[in-house]
Structures are given as C-alpha cells and as structure tokens.
Amino acid sequence: MTPGIYDAIRWIRDETPDDAVIGVSTVDDAPLGWWVEGLGERKVLYASPLQWLVYPDELRRATVANEVYSPPFPTAASMAAARDAGMTYVLVATGSNRIAPAELDAFLAANPDSVVYRGPDVLVLDPRAT
C-alpha cells in the first residue's frame, strides 16, 4: 500500500455514499480490496488471484472483479461490465499489472468526466460516467 492509495481509500470512506460498491484492482497480483473494504468501510468487489481465497462470497466477488479488470483495462466494455456488476466506483491502482497504460490513457482521453479522484498512483473512476 502506497501513501497515494491510502489517501484514495480515505477519500472513498469520506466522500462516497455508505452503500457504494467499489471495484478494486490488484497491485502486482496482491489483493488490495481487503484494505479498501476495511479502511474504506465500503462493500468491495476486488480482483485477486483466486488461490488466496477460501470463502464462497470472496470467490464470487473476486471472479466478478477479475472479469472487469481483465486486460485490456480500462475500456468502454470493462466499464459497462463494472456497471453491470453493480460497481458504483472503480479504483485503479495505476501500477497494477492488470492495467494497460495505453488503454488507460486512451480511456481517460475519451472519458475525462469519469475521473472522480486522482492521486499520484491511483484513480477512482465512475463507471456510470462512460
């Protein structure tokens, strides 16, 4: 966890509705979602290698998030999948190995209004704005 990601999690806790559902990418395949769920106090659909998970609910949520964050990410299709999965916000750790930098740049150029939070190494996107 970087200071930038910590600040984004605090923003999520302080600035999003209590019933928000946050999609969370991994960082180098380490599950970041547990941090967002605990510190951010929000329901989370977090991408994760399934080998780390035991409980059926965790496996279901991770499977959904893994599909959303599948490369190339982000795209209009992945944001539609995020909306369909019930994600109200999507946390993008820009250093994640699930993020395609060229896709991210193209997505942001085409959807600048989707950015609701920007930190040094993290973005929070609103998938409903695409």
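What counts and how
Residues numbered from 1 in each chain as written. Predicted model: local features only at pLDDT ≥ 70, side-chain atom pairs only at ≥ 80, totals over all residues. Heavy atoms only, no water. Axes fitted to C-alpha atoms, helices over the stretch in contact; angles between N-to-C directions. Helix = DSSP H or I, 4+ residues; strand = E, 2+ residues; numbered from the N terminus. Parallel < 35°, antiparallel > 145°, perpendicular 65-115°, else oblique. Left-handed = near helix turned anticlockwise from the far one by under 90°. Contact = heavy atoms within 4.5 Å. Nonpolar A, V, L, I, M, F, W, Y, C, P; charged D, E, K, R; others polar. Phe/Tyr/Trp six-rings, centres within 6.5 Å; stacked < 30°, edge-to-face > 60°. Lys NZ or Arg CZ within 6 Å of the ring centre and 35° of its normal. Buried < 20%, exposed > 50% of the residue type's maximum accessible area, 1.4 Å probe, protein only. Arc of directions from axis to C-beta.

Caption draft 1: Local environment of the packing of helix α1 (residues 3-15) against helix α2 (residues 33-40). Across the interface, α1 lies against α2 with an axial gap of 9 Å and an inter-helix angle of 45°. Our classification of the angle between α1 and α2 gives oblique. In this structure, α1 meets α2 at a crossing whose hand is right-handed. Contact residues: Tyr-6, Ile-9, Ile-12 and Arg-13 in α1; Trp-35, Val-36, Leu-39 and Gly-40 in α2. Considered class by class, the residues forming the contact of α1 with α2 number 6 nonpolar, 1 polar and 1 charged.

Caption draft 2: Representation of the packing of aromatic side chains. Per the counting criterion, the structure on display carries 3 aromatic pairs. Measuring from centroid to centroid gives 6.4 Å for Trp-11 and Tyr-89, while their planes differ by 85°, and the two rings are edge-to-face. Of the two residues, Trp-11 is situated in helix α1 and Tyr-89 in strand β3 (residues 89-93); the sequence distance between them amounts to 78 residues. Each member of the aromatic cluster is reached from another via a ring pair, and the members are Trp-11, Tyr-89 and Tyr-117. Directly above the aromatic system of Tyr-89 lies the positively charged group of Arg-128, at a separation of 5.4 Å from the ring centroid.

Caption draft 3: Local environment of helix α5 (residues 101-110). Every buried residue of α5 is accounted for by Leu-104, Phe-107 and Leu-108. Within α5, the buried residues cover an arc of 95° as seen down the axis, which keeps them to one side. Opposite its buried face, α5 presents the exposed residues Ala-102, Asp-105, Ala-109 and Ala-110, each directed more than 90 degrees away. Looking at the packing, one finds that the buried side of α5 touches α4 (76-84), β4 (115-118) and β5 (122-125).

These results come straight from atomic positions and should not be treated as a statement about function.
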